[in-house]
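Okay, here's what each chain looks like letter by letter:
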Amino acid sequence: MDRRHFLRGLATAACSAAAHPWLTTVTLAGSDGSAVLGDNRLVVVILRGAMDGLDLCRPTADPMLARLRPTLADGGLPLGQGFALHPQLAALMPLWQARELAFVQATSTPYRDKRSHFDGQDILEAGTGLDLPDAAIRDGWLNRMLRALPGLTAQTAYAVGRDAMPILAGPAPSATWSPEVQLDLSAQSRLLLDHIYHDDDLFRQAAANALSLTANPAPNSGTTAKGALAGIDRLVDFAASRLHQDTRIATFSLTGWDSHRNQPSALRGPLSQLERVILRLRDQLAPPIWGKTLLLAMTEFGRTVAENGSRGTDHGTGGAMVLAGGALKGGRILGQWPGLDEAALYARCDLMPTSDVRDWAAWAMRGLFGLDRSLLETTVFPGLTLSPDPGLLR
């Protein structure tokens, strides 16, 4: 392998590592029963790998969609307002009809142009509004929110999995719990590792041993997909059990949203997991707790509006958020739609962001927990100027 191919392989490996971390983590926060956070619940899901919001919530009324995505824009389940839901998420339609599901289109962090998963996720979880990660700010926006509130216990925040998520990292005290862990690599990641180390005498055997630990079955067996959903069930059940008690904030991540090639196949697993999280959380919480819960699913950036030559999409800018919960005033496509005409695109290739992800999160926290506007704009999300109230909650 020559130097150019080696560097290209390293770049691809870094991309894969950011989009497919070894472990999914769950982080939780609660109070000491002093009603500091009230009785509402907030669940934040980080969709790692840059989820394609134009595929999940498709702007079918925009005539440019079919031109830009000749093999990916294949209809969907009508939502109204000119949008359609990805067909694989059909089980979420009852939530849409019950106004317990909504989508934000054309939203992003202030991150622009570099298109790095690592930087994009850092900025998303830091919530600072900076276009580059700030080494001086190492805490997450949920941690800053908790530190601004009195009466929280020493066990206010703790992580489930290998590491605490950056979104809740910071001086607030935390504890950890590690569930049973299984190393799991996608087929694409396995092929990548095999390609990189095939001709390396030093690391070839170590890579082969690592691949054997993933124990991926033959294609089409369904075992990997079932195992992944079983793992999701354990995470959701654990979070739900705590949300039934004093916990008021839970956050975890879903990986695998990077879809440079064969996007319909690449997103099959992540879409199933997202659907599973929402439906199982609803079932596990049940009334009346589900009626006091809001889930926000967000990603580091969107993807290009045009599909590439591999039936995939590349790193972009504007993306989408998914909102769910009994506390949500849903059944709506939120945000300002900029259109897909070339003149309306960012850098002539990406969906133009018309809102800030932090703004939606801030209004969610203000509505759920009654946080002061100045606290949100100066401490939780430094430099943010809140938009007019979008009325997220019932």
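Residues numbered from 1 in each chain as written. Predicted model: local features only at pLDDT ≥ 70, side-chain atom pairs only at ≥ 80, totals over all residues. Heavy atoms only, no water.

Trainee: Sorry if this is basic, but what is going on with the overall build of the chain here?
Mentor: Looking only at helices and strands, the chain has 13 helices and 13 strands in total. Counting all 394 residues of the chain, 51% fall into the buried class. Restricting the contact set of the chain to residue pairs at least 6 apart, pairs at least 24 apart contribute 76%. Entry remark: accessible area of the chain is about 16,800 Å², with carbon and sulfur atoms responsible for 54%. (Helix = DSSP H or I, 4+ residues; strand = E, 2+ residues; numbered from the N terminus. Buried < 20%, exposed > 50% of the residue type's maximum accessible area, 1.4 Å probe, protein only. Contact = heavy atoms within 4.5 Å. Areas by Shrake-Rupley, 256 points an atom, 1.4 Å probe, with all protein chains shown as cover.)

Trainee: Mind showing me how you'd approach the confidence of the model for the chain here?
Mentor: Atomic detail in the predicted coordinates should be set aside for any region of low pLDDT. Scored by pLDDT, the chain comes out at a mean of 82, with 72% of its residues at no less than 70. Considering only residues more than four positions removed or in separate chains, one finds that residues 154–158, a stretch of pLDDT under 50, has 22 contacts. In the model, residues 215–221 has pLDDT below 50 throughout and makes seven contacts with residues more than four positions away in sequence or in other chains. (pLDDT = per-residue confidence, 0-100.)

Trainee: Please clarify how helix α12 (residues 357–369) should be interpreted in this entry.
Mentor: Each α-helix turn comprises 3.6 residues. Residues three or four places apart therefore point the same way. For α12, built from 13 residues, the straight-helix expectation of 18 Å at 1.5 Å per residue is met to within 8% by its first-to-last C-alpha distance of 18 Å. The buried count for α12 comes to eleven of 13 residues, which makes it a mostly enclosed element. Remark: G370 follows α12 within two positions and exhibits a positive phi of approximately 70°. (Expected span 1.5 Å × (residues − 1).)

Trainee: So what exactly am I meant to see when it comes to the sheet that holds strand β4 (residues 77–80) here?
Mentor: Here we have three strands laid out as an open sheet, ordered β3-β5-β4, and antiparallel in their pairing. Unpaired on one side and paired on the other, β3 (57–58) and β4 mark the two borders of the sheet. (Pairing = 2+ DSSP bridges.)

Trainee: Could you clarify how one ought to interpret the side chain of T109 in this entry?
Mentor: Among the structural elements, T109 can be located in the loop between β6 (101–108) and α5 (117–126). What T109 contacts, discounting residues up to four positions off in sequence, is I123, L124, E300, D356 and V357.

Trainee: Quick question: what am I supposed to make of the pairing of strand β2 (residues 41–47) here?
Mentor: Both faces of the sheet carry side chains from a regular strand, because those side chains alternate between them. Counting buried positions along β2 gives seven out of seven residues, so the element sits mostly inside the fold. On β2, burial covers both faces: R41, V43, V45 and L47 on one face and L42, V44 and I46 on the other are all buried. Pairing analysis gives seven bridges linking β2 to strand β10 (residues 293–299), with the strands arranged parallel. For L42, the partnering residue across the bridge sits in β10 and is L294. Two elements, β2 and strand β9 (residues 247–254), share six bridges in a ladder whose sense is parallel. Paired with V44 across the bridge in β9 is T251.

Trainee: Help me understand the environment of M64 in this model?
Mentor: Locating M64 in the fold gives a position in helix α3 (residues 64–68). Distance in space between the C-alpha atoms of M64 and V305 is 9.5 Å, their sequence separation being 241 residues. Discounting residues that sit within four places of it in the chain, M64 has contacts with L340 and D341.

Trainee: Is there a simple way to explain the packing of α12 against helix α13 (residues 373–380) in this structure?
Mentor: When two helices pack together, their arrangement is given by the angle between the helix axes and the distance between those axes. It is the contact of α12 with α13, at a shortest axis distance of 10 Å, that shows an interaxial angle of 140°. When the axis of α12 is compared with that of α13, the two are oblique. As for the relative orientation of α12 and α13, their crossing is right-handed in sense. Here A362, W363, M365 and R366 of α12 come into contact with α13, specifically with R373, L376 and V380. (Axes fitted to C-alpha atoms, helices over the stretch in contact; angles between N-to-C directions. Parallel < 35°, antiparallel > 145°, perpendicular 65-115°, else oblique. Left-handed = near helix turned anticlockwise from the far one by under 90°.)

Trainee: Explain α5 here, please?
Mentor: Among the ten residues of α5, seven are classified as buried, and the element is accordingly described as predominantly covered. Buried within α5 are the following residues: H117, G120, Q121, I123, L124, E125 and A126. Sitting at the amino-terminal end of α5 is S116, which places a side-chain oxygen 3.3 Å from the backbone nitrogen of F118. (Polar contact = N/O pair within 3.5 Å; in protein donor to acceptor, adjacent residues only side chain to side chain.)

Trainee: Sorry if this is basic, but what is going on with the packing of aromatic side chains here?
Mentor: Given two aromatic rings, one states the distance between the centres and the angle between the planes to describe the pair. Tallied over the full model, the rule gives four aromatic pairs. Over the ring of Y346 we find R112; its NZ or CZ atom is 5.9 Å from the centre of that ring. (Phe/Tyr/Trp six-rings, centres within 6.5 Å; stacked < 30°, edge-to-face > 60°. Lys NZ or Arg CZ within 6 Å of the ring centre and 35° of its normal.)

Trainee: Honestly, the nonpolar core in this entry has me stumped. Any pointers?
Mentor: A general tendency of soluble globular proteins is for nonpolar side chains to be buried together. Counting residues in hydrophobic clusters, the biggest one holds 82 residues, and the most contacted among them are F103, W141, M145, M298 and M365. Per element, the largest residue contribution to this core is nine residues, and it comes from α12. Other than its neighbours up to four places away in sequence, M145 contacts L37, I249, M365, F369, L371 and V380. One finds L68, V305, L345 and L351 within the second-largest nonpolar core, a separate group that totals nine residues. (Core = buried A, V, L, I, M, F, W, Y, C linked by side-chain atoms within 4.5 Å.)

Trainee: Is there a simple way to explain unusual backbone geometry in this structure?
Mentor: Glycine aside, residues mostly have negative phi angles, and peptide bonds mostly take the trans form. The omega torsion across P287 and P288 is 0°, close enough to zero to call that bond cis. Tracing the backbone through its elements, the reader meets P288 in helix α11 (residues 268–289). Phi is positive for D113, which is not a glycine, with a value near 75°. Inspection of the secondary structure puts D113 in the loop between β6 and α5. Of the residues examined, D113 reaches a relative accessible area of 47% and is grouped as partly exposed. With phi around 60°, R115 is a residue other than glycine that occupies positive phi space. If you trace the backbone, R115 turns up in the loop between β6 and α5. Taking relative accessible area as the criterion, R115 reaches 22% and is therefore assigned partly exposed.

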